[in-house]
Amino acid sequence: MPPKPILIKNEPRKSMLFTPSRIVSRPDNLEGGEETEIAAQISVPEEGGWGWVVVAASFSIIFILDGVAFTFGSILNDMSSDLNISVSTLPLVNSIAVAIYFMMGPLASAFINRFGFRACAMSGSIISSFSLLTSYFSTNFTSLCVFYGFFAGFGYCLINMSASLVVGFYFEKLRSIALAISTTGSSLGVMVLSSANAHLSKLAGWRATTLFHSGLFGLIFFLGMAFQPLLSLTVVTTSEDPTRTVTYLPNLSAAALKSTVSRTKTEGIMPTTTERLFGAASNSNFPTAAAVVDDTVSTPASQAGPSTATVSKITLTANAPQGGISPRQLKQVQSIMSKTSVQDKAKKAIEVTVNVEPPKKTSFWGRLFRWEEHVPQSRPMYRDDVFYDGKLQKLPAYQKSMVDTTDKTGLEYQLAVSRAATAVDLRERRGVFTTAARRVLATMMDPKLLRKTSFWCLCTAGFLIYVGFLVPYVFIQTRNEDAGIHPKHCTLFVSVMGLSNAFGRLIIGTLALRIEPVYLFVTSMIIAGTSTICSTFSYDLYYQYSYCVLYGFFISCMASLRSLIIVSLYGLDNLTNATGILLLFQGLGSFFSAPVAGFIKDLFGFSVAFYEAGCFIALGGLILLPIKKLSVREIQNETNDSQRQGTKSVK
């Protein structure tokens with residue numbers, strides 16, 4: 001029998017996402033009593049349009065954020081004189097802010113998954129702006145550490161995670177270009193605000209500069225409004241037999257996923273116990289949306305075992321934002337659903353419901369500043385590629401999705417990288433640390449990768465590099481002024497770093513498409529570290545400018561190559577986990593960076609402090625030389641172990 005046509009309904013939004021009669025609830029060990037009907041939520045990228053507004057907003061936000069966070073050295077001398085605090089001690093304030101900026105990444109990601117990009121960006125704006133405003137009135141070192149350091153750093157983290165990740169959800173084919181444009185705001189922000197801060201600090205003092213920064217972060221509140229919720233699709237597998245439920249057995253192979261439809265009343269098969277962290281299971285314990293669909297539509301009726309015939313049905317629900325769905329988006333959904341290979345596989349009805357709110361009469365200003373609430377079913381952090389900023393076409397998952405279907409709609413790739421969720425998870429509306437938040441924390445803090453020697457090398461390298469990373473940004477202006485270089489030029493050195501950093505992000509990111517990212521990273525770190533050591537050999541003006549160009553250019557690979565290296569070594573499915581742990585090590589290194597250099601400066605002078613920073617950066621690169629071979633050997637050992645276990649089970 002040919003498949004029934006897809007049904008698209010334009011109707012007002014309903015309060016219940018799922019049909020109650022289709023859901024069979026049962027407790028298990030995976031979610032502590034939550035029902036285990038499998039669902040998955042995927043976003044529909046616009047590939048342009050409003051997405052370019054989001055890119056512009058993200059660029060501006062990152063411009064302000066990193067322009068303030070990494071130019072502390074431009075106000076260091078004036079702050080030291082006003083508060084009567086040593087130049088060597090005061091950088092601890094900025095180190096705390098940058099450390100929290102990195103280390104709170106998993107928590108900020110959890111909040112994004114719970115409340116959405118816009119709410120987190122705007123909340124971070126309020127926290128940072130208030131913290132810097134409070135710092136304006138600070139008269140002691142402790143209050144600066146609390147407000148300028150800890151609270152402002154947490155606001156920075158919320159803003160950074162939101163602005164850096166949101167762009168990837170608006171684009172697919174042009175994703176790498178859009179992300180490159182938005183992240184370049186970091187380099188240009190450092191370039192512009194470093195000189196502006198130094199000039200303003202000289203005119204009105206560090207307090208007026210901090211007040212100016214507070215106003216800039218207040219502006220982020222309005223820029224964050226551009227992060228409007230996207231149209232999303234919820235894929236649900238439901239049982240046609242009331243005695244059956246679609247369950248997921250964690251830690252099974254992809255082939256085993258095809259036999260997860262079980263008779264709960266007669267057989268009562270229970271999922272195996274799953275490792276839990278923060279009271280939730282990590283993403284790795286859930287199948288992808290593609291596996292869910294394949295399980296539903298491809299289970300052979302003749303398979304051995306109790307009643308494994310295909311009895312489930314796929315329901316796709318389009319969740320439009322509160323402002324409704326435009327005719328262009330409706331046409332896009334119709335095109336995606338009509339072309340998708342899922343319908344051909346299923347040979348059955350696929351129900352598609354588009355919830356569209358009736359148009360509301362609003363004023364001109366209401367239409368101009370339309371507010372759309374976060375789509376509560378949205379789970380952006382359940383995607384394996386959420387931290388990936390490279391070219392999607394290079395990913396095996398993307399290449400396979402384009403081969404498996406003749407009509408390139410992009411839905412197959414979205415299904416392949418989106419992890420499933422339980423129905424209860426998608427319906428959870430109250431609380432802060434709901435399943436949506438706890439599962440992201442469990443994913444990013446999952447310690448399984450720490451069992452690998454190669455990953456310890458990567459984390460150690462991240463720690464060492466960030467111990468030296470902040471030193472040139474914080475101390476180069478003061479060091480060169482003490483060496484006799486004219487203050488006018490000293491205020492420009494960090495700006496030159498920022499400009500060359502922008503070129504480095506673009507050029508090194510492009511080279512990484514042709515050269516192994518690990519070896520490119522190692523080379524860049526050795527050059528950046530060596531140039532930092534050599535920067536003390538001469539204080540000739542052009543020599544110092546040359547150092548700033550080299551350092552800014554090659555240190556840029558810390559941001560541009562991180563996700564590429566992780567995917568190259570451990571695969572896309574471990575990207576979120578590896579990023580979460582690596583951020584902790586980078587934050588820890590940032591915490592010790594400027595204070596350690598300041599301590600060494602007091603004992604031995606600026607030259608030794610820069611020697612120390614350069615050695616740490618170069619050493620961080622050298623540690624990664626054998627990491628590729630270690631990773632390959634670990635994969636081979638895991639494969640051999642699994643084969644031996646399979647042989648034993650057969651016997």
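Residues numbered from 1 in each chain as written. Predicted model: local features only at pLDDT ≥ 70, side-chain atom pairs only at ≥ 80, totals over all residues. Heavy atoms only, no water.

Trainee: Would you explain the overall build of the protein in this entry?
Mentor: Counting its secondary structure elements, the protein contains 26 helices and eight strands. Across the 651 residues in the protein, those meeting the buried criterion constitute 57%. A total of about 26,000 Å² of accessible surface is found on the protein, and carbon and sulfur atoms cover 64% of it. (Helix = DSSP H or I, 4+ residues; strand = E, 2+ residues; numbered from the N terminus. Buried < 20%, exposed > 50% of the residue type's maximum accessible area, 1.4 Å probe, protein only. Areas by Shrake-Rupley, 256 points an atom, 1.4 Å probe, with all protein chains shown as cover.)

Trainee: Quick question: what am I supposed to make of the packing of aromatic side chains here?
Mentor: To describe a pair of aromatic rings, you give the distance between the ring centres and the angle between the ring planes. All chains considered together, the criterion is met by 27 aromatic pairs. Judged by centre distance (5.0 Å) and plane angle (75 degrees), the ring pair of Phe553 and Phe554 falls under edge-to-face. The burial state of Phe553 is the same as that of Phe554; both residues are buried. Members of the aromatic cluster, connected to one another through ring pairs, are Phe70, Tyr101, Phe102, Tyr466, Phe469, Tyr473, Tyr547 and Tyr551. The ring of Tyr382 carries the charged tip of Arg439 above its face, separated from the ring centre by 3.7 Å. Positioned above the aromatic ring of Phe610, the side-chain terminus of Arg479 is 4.1 Å from the ring centre. (Phe/Tyr/Trp six-rings, centres within 6.5 Å; stacked < 30°, edge-to-face > 60°. Lys NZ or Arg CZ within 6 Å of the ring centre and 35° of its normal.)

Trainee: What is the right way to look at the packing of helix α17 (residues 453-482) against helix α23 (residues 562-570) in this model?
Mentor: Packed helices, taken two at a time, are described by their axes: the angle between them and the distance between them. It is the contact of α17 with α23, at a shortest axis distance of 12 Å, that shows an interaxial angle of 170 degrees. If you check the angle between α17 and α23, you find them roughly antiparallel. Contacts between α17 and α23 pair Ser454, Phe455 and Leu458 from the former with Ile565, Ile566 and Tyr570 from the latter. Split into classes, the residues belonging to the contact of α17 with α23 amount to five nonpolar, one polar and no charged. (Axes fitted to C-alpha atoms, helices over the stretch in contact; angles between N-to-C directions. Parallel < 35°, antiparallel > 145°, perpendicular 65-115°, else oblique. Contact = heavy atoms within 4.5 Å. Nonpolar A, V, L, I, M, F, W, Y, C, P; charged D, E, K, R; others polar.)

Trainee: What should I look at first to understand unusual backbone geometry in this one?
Mentor: Across the chain, the bulk of peptide bonds are trans and the bulk of non-glycine residues have phi less than zero. For Asn84, which is not glycine, the phi dihedral falls at a positive 60 degrees. Mapped onto the elements, Asn84 comes out in the loop between α2 (76-83) and α3 (91-103). Using a relative accessible area of 72% as the deciding quantity, one classes Asn84 as exposed.

Trainee: Which parts of the structure should I look at to understand the nonpolar core?
Mentor: Soluble, globular proteins show a tendency: their nonpolar side chains are buried together. Among the nonpolar cores identified, the biggest contains 140 residues, and Tyr156 and Phe475 are the most heavily contacted of them. No other element matches α17, which puts 14 residues into this core. Dropping the residues within four chain positions of it, Tyr156 is found in contact with Leu65, Val68, Ala69, Ala97, Tyr101, Ser128, Leu132 and Phe217. Core analysis: the next-biggest nonpolar cluster, separate from the first, contains six residues, Ile42, Val44, Ala289 and Leu415 among them. (Core = buried A, V, L, I, M, F, W, Y, C linked by side-chain atoms within 4.5 Å.)

Trainee: Got a minute to help me understand the layout of surface pockets in this structure?
Mentor: Think of a ball as big as a water molecule: rolled over the atoms, this probe shows where empty space is left. Taken as a whole, the second largest pocket spans an internal volume of roughly 1,000 Å³. What lines the second largest pocket is a set of 47 residues, and nearest its centre among them are Thr183, Asp389, Arg505, Ala559 and Ser560. Among the elements that make up the lining of the second largest pocket, the one with the highest residue count is helix α7 (residues 175-204) (ten residues). (1 Å grid on protein atoms, 1.4 Å probe; cavity = no way out; pocket = protein on both sides within 12 Å on 5 of 7 lines; lining within 4 Å. Points joined across faces, edges and corners; volume = space filled by probe spheres on them.)

Trainee: What is the right way to read the confidence of the model for the protein from this model?
Mentor: Detailed reading of the predicted model is not advised wherever pLDDT is low. Chain-level pLDDT for the protein is 78 on average; 73% of the residues reach the 70-or-more range. Mean pLDDT per element in the protein: strand β5 (residues 261-263) is the minimum at 34, and helix α8 (residues 206-223) is the maximum at 95. Across residues 241-273, confidence stays below pLDDT 50; counting only partners more than four residues off in sequence or on other chains, it has 80 contacts. (pLDDT = per-residue confidence, 0-100.)

Trainee: Looking at this model, I keep getting lost on empty space enclosed by the protein. Mind explaining?
Mentor: Tallying each qualifying case throughout the model produces four cavities of 30 Å³ or more. Taken as a whole, the largest cavity encloses approximately 110 Å³ of empty space. If you go around the largest cavity, the residues you meet are Leu458, Ala461, Gly462, Ile465, Phe521, Met558, Arg562, Ile565, Ile566, Leu582, Gln586 and Leu624. Residue contributions to the lining of the largest cavity peak at four residues, all from α17. Its residues assigned to classes, the lining of the largest cavity shows nine nonpolar, two polar and one charged. Volume-wise, the second largest cavity comes out at about 70 Å³. In this structure, the second largest cavity is lined by Ser282, Asn283, Ser284, Asp384, Thr443, Asp446, Lys448, Asp573, Asn574, Thr576 and Asn577. Looking at the lining of the second largest cavity residue by residue, the class counts come to no nonpolar, seven polar and four charged.

Trainee: How do you make sense of the packing of helix α20 (residues 517-534) against helix α25 (residues 606-622) when you look at a structure like this?
Mentor: Packing of α20 against α25 brings their axes to within 7 Å, and their N-to-C directions diverge by 165 degrees. Regarding the angle of α20 to α25, the classification is roughly antiparallel. Crossing of α20 against α25: the hand is left-handed. Judged by residue contacts, Val522, Met525, Ile526, Ala528, Gly529, Thr532 and Ile533 of α20 engage Phe610, Tyr611, Ala613, Gly614, Cys615, Ile617, Ala618, Gly621 and Leu622 from α25. A per-class count over the contact of α20 with α25 returns twelve nonpolar, four polar and no charged. (Left-handed = near helix turned anticlockwise from the far one by under 90°.)

Trainee: Honestly, the environment of Gly589 in this entry has me stumped. Any pointers?
Mentor: Along the chain, Gly589 turns up in helix α24 (residues 575-604). When its relative accessible area of 0% is taken as the criterion, Gly589 is described as buried. In this structure the C-alpha to C-alpha distance between Gly589 and Leu470, which are 119 residues apart in sequence, comes to 9.6 Å. Look past the residues within four positions of Gly589 in its chain and what remains in contact with it is Phe463, Tyr466 and Val467.

Trainee: I keep staring at a nonpolar patch on the surface and nothing clicks. Help me out?
Mentor: Taken together, the side chains of Leu499, Phe503, Leu506, Ile507, Leu511 and Ile515 make up a nonpolar region of the molecular surface, amounting to roughly 500 Å² of accessible area. Exposure remark for Ile507: the relative accessible area of 39% places this residue in the partly exposed category. (Patch = residues over 30% accessible without salt bridge, like charges linked within 9 Å, V, L, I, M, F, W, Y side chains within 5 Å. Salt bridge = Lys/Arg side-chain N within 4 Å of Asp/Glu carboxyl O.)

Trainee: Teacher, can you tell me more about α25 here?
Mentor: The α-helix advances 3.6 residues per turn, and as a result positions three or four apart in sequence lie on the same side. Between its first and last C-alpha atoms α25 spans 24 Å; for 17 residues at 1.5 Å apiece the expected length is 24 Å, and the two agree. Among all positions of α25, only Phe606, Ala609, Phe610, Glu612, Ala613, Gly614, Ile617, Ala618, Gly620 and Gly621 are buried. (Expected span 1.5 Å × (residues − 1).)

Trainee: For this particular structure, what's the right way to read the pattern of salt bridges?
Mentor: Between side chains of opposite charge, a pair can form when the charged atoms approach closely. Overall, the coordinates contain seven salt bridges when judged by the stated rule. In this structure, a network of salt bridges that share partners links the residues Arg175, Arg383 and Asp385.

Trainee: What exactly am I supposed to notice about the side chain of Ser128 here?
Mentor: Structurally, the position occupied by Ser128 is in helix α5 (residues 117-136). Beyond its immediate sequence surroundings of up to four residues, Ser128 is in contact with Ala152, Gly155, Tyr156, Ile159 and Phe217.

Trainee: I tried to follow α20 on my own but got confused; where do I start?
Mentor: For α20, with 18 residues, the first-to-last C-alpha span of 26 Å sits near the 26 Å given by 1.5 Å per residue. Turning to α20, its buried residues are Pro517, Val518, Leu520, Phe521, Val522, Ser524, Met525, Ala528, Gly529, Ser531 and Thr532.

Trainee: So what exactly am I meant to see when it comes to the side chain of Asn160 here?
Mentor: Of note, Asn160 is situated in helix α6 (residues 141-166). Here Asn160 is in contact with Leu65 and Tyr101, once residues within four sequence places are set aside.

Trainee: I tried to follow the environment of Ala613 on my own but got confused; where do I start?
Mentor: Within the secondary structure, Ala613 sits in helix α25. For the pair formed by Ala613 and Thr532, sequence separation is 81 residues and the distance between their alpha carbons is 7.2 Å.

Trainee: Any chance you could explain the environment of Cys557 here in plain terms?
Mentor: Take Cys557: it is sitting in helix α22 (residues 557-560). The class of Cys557 is buried, set by a relative accessible area of 0%. Counting along the chain gives 35 residues from Cys557 to Val522, while the straight-line C-alpha distance between them is 9.6 Å. Setting aside anything within four residues of it in sequence, one finds Cys557 in contact with Ile508, Phe521, Ser524, Met525 and Arg562.

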